[in-house]
Amino acid sequence: MLAIGGGTAYATGTLARAADSLAAVFGAGPAQTDLIDQIGRPIGASCTSNGITITADAIIGMRNAYAVVYTIERNDGTAFDELDMNQNGTYNLVLDGGGSINALTALRLGIDASGGTRYTFDADPTDNAIQLVEMMSFGGSGVSLVGETLHFNATEIGFTRVGEDGRNLPSQAIATGDWNMSFKIDYEDLSVDLPAGQTFTISGNSAVVDELAVSPLGATITYTVDATDGASGPTGLETDTEKRVGHGDFTVTFADGTTQELGSGYTSWQQDGKTVVQKTWFFDQIRDVDDIASITVGDLTVPVQ
């Protein structure tokens, strides 16, 4: 047994599974492995229903965002042969449900908005399991998520289908059940605050930076736009610049000169006749903060070093 995180004990197998799961998401180089060991935490919570067990392997995160890796496995040892790999390298698994904090917790923390993404990968194509990654971010709160409880609830596991004409068909269930578990949000937040208060222009609108921070996992920025935001489109992607007044590139430049476009989408809320925008995005792999050169949003570039 090894003890980490306030004296909680975990079996060495649980630690290894957690490290492997996070490495598959955030990179497995020596630098990434060291940071994963420092930031991430094993979970080991699981629930079983209708012959399928879902285990929360590991969690990692930053100030107002986290990523959880789950393993979904058939107890009879058979593989998920129903699943196919999409063109982007993920699988077409569909889960009805997932992880969330409850409404009272969101109210207490002052959370005004949330958003996230989910995808699957197969750590071992020869076994009876598939891995699911959930990445969530929360807007409006400067309070850390660490120590809060995450509730996982799901009622159906299935897969997407495409017809012969290329149109999407209703998803097909693999199993229905009642998968429920709760566990603590626990990771080390290595976020570093950068200077705020700068004025800049984005999508033709004047804005001011309220908060900007980077971590080995990603970056987050909150800014107030001197304009009223419209409603998001039906896809949830903020690409209509006439409605989304805070729409614009959010880019990181690394010390080696490479860049990553973090995404133009965001969560937002109205405040005093203006629009408060928050963008939180994960890097494509875990990075040492010393390897981050600058962050750019709109026409503003903020050096990290």
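Residues numbered from 1 in each chain as written. Predicted model: local features only at pLDDT ≥ 70, side-chain atom pairs only at ≥ 80, totals over all residues. Heavy atoms only, no water.

**Student:** How should I be thinking about the packing of aromatic side chains in this particular structure?
**Tutor:** How two aromatic rings sit relative to each other is set out by the distance from centre to centre and by the angle between their planes. Tallying each qualifying case throughout the model produces 5 aromatic pairs. Between phenylalanine 26 and phenylalanine 282, the ring centres sit 6.1 Å apart and the planes meet at 45°, which makes this aromatic pair tilted. Of the two residues, phenylalanine 26 sits in helix α1 (residues 12-26) while phenylalanine 282 sits in strand β18 (residues 274-282), which places them 256 residues apart along the sequence. Judged by relative accessible area, phenylalanine 26 falls into the buried class, the value being 1%. Note on phenylalanine 282: relative accessible area 12%, which makes it buried. (Phe/Tyr/Trp six-rings, centres within 6.5 Å; stacked < 30°, edge-to-face > 60°. Helix = DSSP H or I, 4+ residues; strand = E, 2+ residues; numbered from the N terminus. Buried < 20%, exposed > 50% of the residue type's maximum accessible area, 1.4 Å probe, protein only.)

**Student:** Would you mind going over the pattern of salt bridges with me for this structure?
**Tutor:** Opposite charge on two side chains makes pairing possible when the charged atoms of those side chains draw close. Applying the stated criterion to the full structure yields 8 salt bridges. In this structure, the salt-bridge partner of aspartate 186 is arginine 41, at a minimum N-O distance of 4.0 Å. Residue aspartate 186 is found in the loop between β10 (168-184) and β11 (192-193), and its partner arginine 41 is found in strand β3 (residues 41-49); the two are separated by 145 residues along the sequence. For aspartate 186, a relative accessible area of 23% translates into the label partly exposed. Under the relative-accessibility criterion, arginine 41 is labelled buried at 13%. Of the charged contacts, one joins arginine 74 and glutamate 82 as a salt bridge, the two residues approaching to 2.7 Å between their closest N and O atoms. On the accessibility criterion, glutamate 82 (29% relative accessible area) is partly exposed. (Salt bridge = Lys/Arg side-chain N within 4 Å of Asp/Glu carboxyl O.)

**Student:** Before we go on, may I ask you to explain the pairing of strand β20 (residues 300-303) in this structure?
**Tutor:** When a strand is regular, its side chains alternate between the sheet's two faces. Judged by which residues are buried, β20 turns out to be one-sided: Leu300 and Val302 face inward and are buried, whereas Thr301 and Pro303, on the alternate face, are not. The pairing of strand β19 (residues 292-297) with β20 spans 4 bridges and is classified as antiparallel. Residue pairing in the sheet places isoleucine 295 in a bridge with valine 302 of β20. (Pairing = 2+ DSSP bridges.)

**Student:** Any chance you could explain the nonpolar core here in plain terms?
**Tutor:** It is characteristic of soluble globular proteins that their nonpolar side chains tend to be buried jointly. Judged by nonpolar contacts, the single largest core of 36 residues is most densely connected at Ile54, Tyr66, Tyr70, Ile72 and Trp179. Listing elements by their share of this core, those giving two or more residues are β3, β4 (52-62), β5 (65-74), β6 (93-100), α3 (103-109), β8 (129-139), β9 (149-162) and β10. For isoleucine 54, the contacting residues outside a window of four places in its chain are Ala45, Ser46, Cys47, Tyr70, Thr71, Ile72, Leu95, Phe152, Ile157, Trp179 and Met181. Counting 27 residues, the second-largest nonpolar core is a separate cluster that includes Tyr223, Val225, Phe254 and Val302. (Core = buried A, V, L, I, M, F, W, Y, C linked by side-chain atoms within 4.5 Å. Contact = heavy atoms within 4.5 Å.)

**Student:** It is not clear to me how the side chain of threonine 120 should be interpreted in this structure. Could you clarify?
**Tutor:** Within the secondary structure layout, threonine 120 lies in strand β7 (residues 113-121). Take threonine 120: its relative accessible area is 3%, and that puts it in the buried class. Residues within four places of threonine 120 in sequence aside, it is in contact with Thr90, Tyr91, Leu93, Ile130, Gln131 and Leu132.

**Student:** Could you clarify how one ought to interpret the sheet that holds β19 in this entry?
**Tutor:** Strand pairs in the sheet, formed through backbone hydrogen bonds, run parallel or antiparallel to each other. Taking strand neighbours across the sheet as the criterion, the 4 strands line up as β16-β15-β19-β20 in an open arrangement whose pairing is antiparallel. The strands lining the two open edges of the sheet, one partner per strand, are β16 (259-261) and β20. The sheet shows a mean angle of 20° between the axes of neighbouring strands, taken without regard to direction. Judged from the 5 bridges that link them, strand β15 (residues 250-254) and β19 form a sheet pairing that is antiparallel. Within the sheet, the bridge partner assigned to threonine 253 lies in β19 and is serine 294. (Axes fitted to C-alpha atoms, helices over the stretch in contact; angles between N-to-C directions.)

**Student:** Whenever I open this one, the environment of aspartate 76 confuses me. Can you help?
**Tutor:** Within the fold, aspartate 76 resides in the loop between β5 and β6. Measuring from C-alpha to C-alpha, the distance between aspartate 76 and isoleucine 52 comes to 8.5 Å, with 24 residues separating the pair along the chain. Within the structure, aspartate 76 has its side chain in polar contact with the side chain of threonine 78 (distance 2.7 Å). (Polar contact = N/O pair within 3.5 Å; in protein donor to acceptor, adjacent residues only side chain to side chain.)

**Student:** Just checking my understanding: could you explain the confidence of the model for the chain for this structure?
**Tutor:** A low pLDDT means the predicted coordinates there should not be read in detail. Per-residue confidence for the chain gives a mean pLDDT of 85; residues scoring 70 or more make up 90%. Contacts from residues 1-12, a stretch scored under 50 in pLDDT, to residues over four places away or in other chains number 18 contacts. Of the regions scoring below 50 in pLDDT, residues 234-239 engages in 7 contacts with residues more than four places distant in sequence or in other chains. (pLDDT = per-residue confidence, 0-100.)

**Student:** Hey, could you run me through the side chain of asparagine 128 in this one?
**Tutor:** Inspection of the secondary structure puts asparagine 128 in the loop between β7 and β8. The class of asparagine 128 is buried, set by a relative accessible area of 17%. A distance of 2.5 Å separates a polar atom in the side chain of asparagine 128 from the backbone oxygen of arginine 74. Discounting chain neighbours no more than four positions away, the residues touching asparagine 128 are Ile72, Glu73, Arg74, Gly77, Thr78, Ala79 and Phe80.

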